[in-house]
Amino acid sequence: MRVIFMGTPTFAVHTLQALIDAQHEIVAVYSQPPRPAGRGMKLTASPVQALAEKHKIPVFTPTSLKGAAEQEQFAAHKADVAVVVAYGLLLPQPILDAPKYGCVNLHPSDLPRWRGAAPLQRTILAGDKTTACCTMQMDAGLDTGDVLIRHQFDVPDGMSFGVLHDAMSKIGASLIVETLEKFRDGGMVPVKQPKEGVYAAKITNDDQQLDFTMPAARVRQHVLGLSPAPGAVTALNGERVKVYGVTVEAGDTSKPAGTLLDDKLLVNCGQSAVRLMQLQRPNKAKQDSSAFLQGFPVAAGTTTNLPKK
């Protein structure tokens, strides 16, 4: 099939590579424009653009697809289908309508649950026991189109956002290839979604802040949902610290939540306690707790009040 691929981050790379390996004709790749990155803030192409250029596929990086010129250029590719994976731009109706089979989106949640910007992180933050990866026929709504293929699976206890991200990236790549095969062979049976769904809002600074009045199991889930990015946040010795891993241990009901019960980063919670296992101070590298404490000792009885902004 003649395919336009639209994607930007690492999550989308597996799918583009799978389409190349399946010998589809990738007539164009659309990605977000290069952004400043690294210590020198040098303009850097997205992971998808880098892969496309490696395979000598034409790359387009418009800042919008609302203009007539961009829409005419898109239609001129005469694609059978556009595959959209974490692209980052809204697609106007003329773009959705241009390919023969329209635009197919890979969405990493059990639609209609977790429509929107942060489905993977919200899945872990909510402690969902099951999830799914879906391919979807895009329409004008926010992740409301007909589901084409749904692959459901369990979420193991202790799975982090990062592990789920990598698993979904690989599962999704194979689902996209399967979806295109069904379009080509005439075996597609779309399933309409319910109108009502659950929205996966973008992660904010407020979402990052840990609340130790919650049970320790919920604090652990919070940390897992924000690891490896953007990281859960607390304060130690008055300094904002990111937390990427914890274990659940016994607490002390006589002590307030948020109090360190020893000098090894055991924090009392609303129920039980969590030991902080991997941390990061501002402008420092991530460290395990023993290395962290060597350069930044924290005494028992310290509280985890975040500093005022």
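Scroll up to find the structure this text is about.
None of the values given here were measured: they were computed from a predicted structure.

Conventions adopted
- Residues numbered from 1 in each chain as written.
- Predicted model: local features only at pLDDT ≥ 70, side-chain atom pairs only at ≥ 80, totals over all residues.
- Heavy atoms only, no water.
- Axes fitted to C-alpha atoms, helices over the stretch in contact; angles between N-to-C directions.
- Helix = DSSP H or I, 4+ residues; strand = E, 2+ residues; numbered from the N terminus.
- Left-handed = near helix turned anticlockwise from the far one by under 90°.
- Contact = heavy atoms within 4.5 Å.
- Nonpolar A, V, L, I, M, F, W, Y, C, P; charged D, E, K, R; others polar.
- Core = buried A, V, L, I, M, F, W, Y, C linked by side-chain atoms within 4.5 Å.
- Buried < 20%, exposed > 50% of the residue type's maximum accessible area, 1.4 Å probe, protein only.
- Expected span 1.5 Å × (residues − 1).
- Pairing = 2+ DSSP bridges.

A. Representation of the packing of helix 1 (residues 10–21) against helix 6 (residues 161–185) within the structure. For the pair helix 1 and helix 6, interaxial distance at closest approach is 8 Å and the crossing angle is 35 degrees. In the packing of helix 1 onto helix 6, the handedness of the crossing is right-handed. Taking contact as the criterion, the partners of Thr 10, Phe 11, His 14, Thr 15, Ala 18 and Leu 19 in helix 1 are, on helix 6, His 165, Met 168, Ser 169, Lys 170, Gly 172, Ala 173, Ile 176, Val 177 and Leu 180. Class assignment for the residues of the contact of helix 1 with helix 6 results in eight nonpolar, six polar and one charged.

B. Structural context of the nonpolar core. Ranked by size, the top nonpolar core spans 40 residues in total, and within it Phe 5, Leu 16, Leu 19 and Ile 26 carry the most contacts. Excluding anything up to four places from it in sequence, Leu 19 contacts Val 3, Phe 5, His 24, Ile 26, Val 83, Ile 176, Val 177 and Leu 180. In terms of nonpolar packing, the next biggest core, distinct from the first, is built from 25 residues, Leu 210, Val 223, Val 241 and Val 274 among them.

C. Summary view of the side chain of His 77. Residue placement: His 77 occurs in the loop between helix 3 (68–75) and strand 6 (81–85). Those residues in contact with His 77, other than ones at most four positions away along the chain, are Arg 2, Ile 4, Val 27, Ala 28, Tyr 30 and Phe 60.

D. Spatial organisation of helix 6. When the terminal C-alpha atoms of helix 6 are compared, their 35 Å separation across 25 residues agrees well with the 36 Å that a helix rising 1.5 Å per residue should span. A positive phi of about 80 degrees marks Gly 186, the residue just after helix 6.

E. Here's a closer look at the sheet that holds strand 10 (residues 147–154). Reading across the sheet, the seven strands line up as 5-2-1-6-7-9-10 and stay open at both edges, with mixed pairing between neighbours. What marks the edges here is a single partner per strand, and that holds for strand 5 (59–60) and strand 10.

F. Structural view of unusual backbone geometry. In this structure, the amide linkage connecting Leu 111 to the following residue, Pro 112, adopts the cis form with an omega of 10 degrees. As for its position among the elements, Pro 112 is in the loop between strand 7 (103–107) and strand 8 (115–116). Cis geometry marks the peptide bond from Ala 229 to Pro 230; its omega dihedral reads 0 degrees. Mapped onto the elements of the fold, Pro 230 is located in the loop between helix 8 (216–225) and strand 12 (232–236). Even without being glycine, Asp 143 reaches a positive phi, approximately 60 degrees. When you line up the elements, Asp 143 lands in the loop between strand 9 (130–137) and strand 10. Of note, the phi angle at Ser 272 is positive, near 65 degrees, even though the residue is not glycine.

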